[in-house]
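This is what each chain is made of:
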Amino acid sequence: MKHASRALLTLTLVSGLAAAEPEPPPNLIAIDTKLVTSGQPSAAWLATLAQQGFEAVIYLAPPTVGDAVREEPLIVGKQGLIWANVPIRFDRPADADYEAFAALLKGLRNKKVLVHCQVNMRASTLTFIYRVLAEKADPQLAWDAVSKVWTPQDPWKALMLERLRKSGVSFDPF
């Protein structure tokens, strides 16, 4: 009976610890040790970023979208991390959006950065373009991270293909 009680207590403690861990955001993709993309994290998960070694967050959706964590800048800032927002309308991404994102990421690239939006569609696509154009990553390898989340369509497909074409990169996964 003593062993059963001890086992039950251990199981209860382990279950309690596991329950205390906030759930990771949707479509969490580790590009490398310094770059991660995802959908919208919860406030609880955002509060663990410093513990996970993150140093900066780039949020790519307007802060007015329905599932935004309104206090995200405060949660991130209280941990001593950098927080930046490039509020890209999903139905209207533009060259200027990519340019703003690329400038931010370039300035943060020696830090561990989380790039996120609502679902990881904006984040995965812009990160793909950046990796291929700025870091000269192999387009097929960089594409693998996007294809785990979605296949860009309409204005996102057009933005991606046009940025690649302008830079002389011949890659079309569609």
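Being a predicted model, the structure only gives us computed values, none of them experimental.

What counts as what
Residues numbered from 1 in each chain as written. Predicted model: local features only at pLDDT ≥ 70, side-chain atom pairs only at ≥ 80, totals over all residues. Heavy atoms only, no water. Helix = DSSP H or I, 4+ residues; strand = E, 2+ residues; numbered from the N terminus. Buried < 20%, exposed > 50% of the residue type's maximum accessible area, 1.4 Å probe, protein only. Contact = heavy atoms within 4.5 Å. Pairing = 2+ DSSP bridges. Axes fitted to C-alpha atoms, helices over the stretch in contact; angles between N-to-C directions. Expected span 1.5 Å × (residues − 1). Arc of directions from axis to C-beta. Core = buried A, V, L, I, M, F, W, Y, C linked by side-chain atoms within 4.5 Å. Parallel < 35°, antiparallel > 145°, perpendicular 65-115°, else oblique. Left-handed = near helix turned anticlockwise from the far one by under 90°.

Participant: So, the overall build of the chain: which residues are in play, and what are the values?
Facilitator: The helix and strand tally for the chain stands at 7 helices and 5 strands. Each helix and strand of the chain, ordered N terminal to C terminal, gives the series α-β-β-α-β-α-β-α-β-α-α-α. Here the chain holds 174 residues, and 43% of them are scored as buried. Partitioning the contacts of the chain with sequence separation of at least 6, the portion at a separation of at least 24 is 71%.

Participant: Break down the sheet that holds strand 1 (residues 29-32) for me, with residues and values.
Facilitator: Read across the sheet, 5 strands follow the order 1-2-5-3-4 without closing on themselves; strand pairing throughout is mixed. With one partner strand each, in any of the chains shown, strand 1 and strand 4 (82-85) form the two edges of the open sheet. Across the sheet, the axes of successive neighbouring strands diverge by a mean angle of 20°, strand direction being ignored. Pairing of strand 1 with strand 2 (residues 35-38) involves 3 bridges; the strand directions are antiparallel. If you follow Ala 30 over to strand 2, its bridge partner there is Val 36. Along the sheet, helix 4 (residues 95-108) makes contact with strand 2, strand 3 (56-59), strand 4 and strand 5 (113-116), crossing strand 3 at roughly 170°.

Participant: Residues and numbers for the pairing of strand 2, please.
Facilitator: Because side chains alternate across strand 2, one face comprises the buried residues Leu 35 and Thr 37, and the other comprises Val 36 and Ser 38, equally buried. Remark: 2 residues form the turn of the hairpin made by strand 1 and strand 2, two consecutive strands paired antiparallel. With 4 bridges joining them, strand 2 and strand 5 adopt parallel strand pairing. The residue bridging Ser 38 from the neighbouring strand is His 116, located in strand 5.

Participant: Can you break down helix 4 residue by residue, with the values?
Facilitator: Compared with the 20 Å implied by 1.5 Å per residue over 14 residues, the 20 Å span of helix 4 between its first and last C-alpha is a close match. Listing the buried residues of helix 4 in full gives Asp 97, Tyr 98, Phe 101, Ala 102, Leu 105 and Leu 108. Along helix 4, the residues classed as buried sweep out an arc of 135° about the axis, all on the same side. Opposite the packed face of helix 4, turned more than 90 degrees from it, sit the exposed residues Ala 96, Ala 103, Lys 106 and Gly 107.

Participant: With reference to specific residues and values, describe the nonpolar core.
Facilitator: A general feature of soluble globular proteins is that nonpolar side chains tend to end up buried together. With 35 residues, the main nonpolar core has Leu 60, Phe 101, Leu 126 and Phe 128 as its most contacted residues. Top contributing element to this core by residue count: helix 5 (residues 121-133), with 7 residues. Beyond its immediate chain neighbours, meaning those up to four positions away, Leu 60 contacts Asn 85, Val 86, Pro 87, Ile 88, Phe 101, Val 115, His 116, Cys 117, Arg 122, Ala 123 and Leu 126. With 11 residues, the next largest nonpolar core counts Trp 45, Leu 46, Phe 54 and Val 69 among its residues.

Participant: I'd like a rundown of the packing of helix 4 against helix 7 (residues 154-166), residues and numbers included.
Facilitator: At a minimum axis separation of 11 Å, helix 4 and helix 7 run at an interaxial angle of 70°. When the axes of helix 4 and helix 7 are compared, the pair comes out roughly perpendicular. Every pair of crossing elements has a handedness; the one defined by helix 4 and helix 7 is right-handed. On the side of helix 4, the interface is formed by Asp 95, Tyr 98 and Glu 99, while helix 7 contributes Leu 159, Arg 163 and Lys 166.

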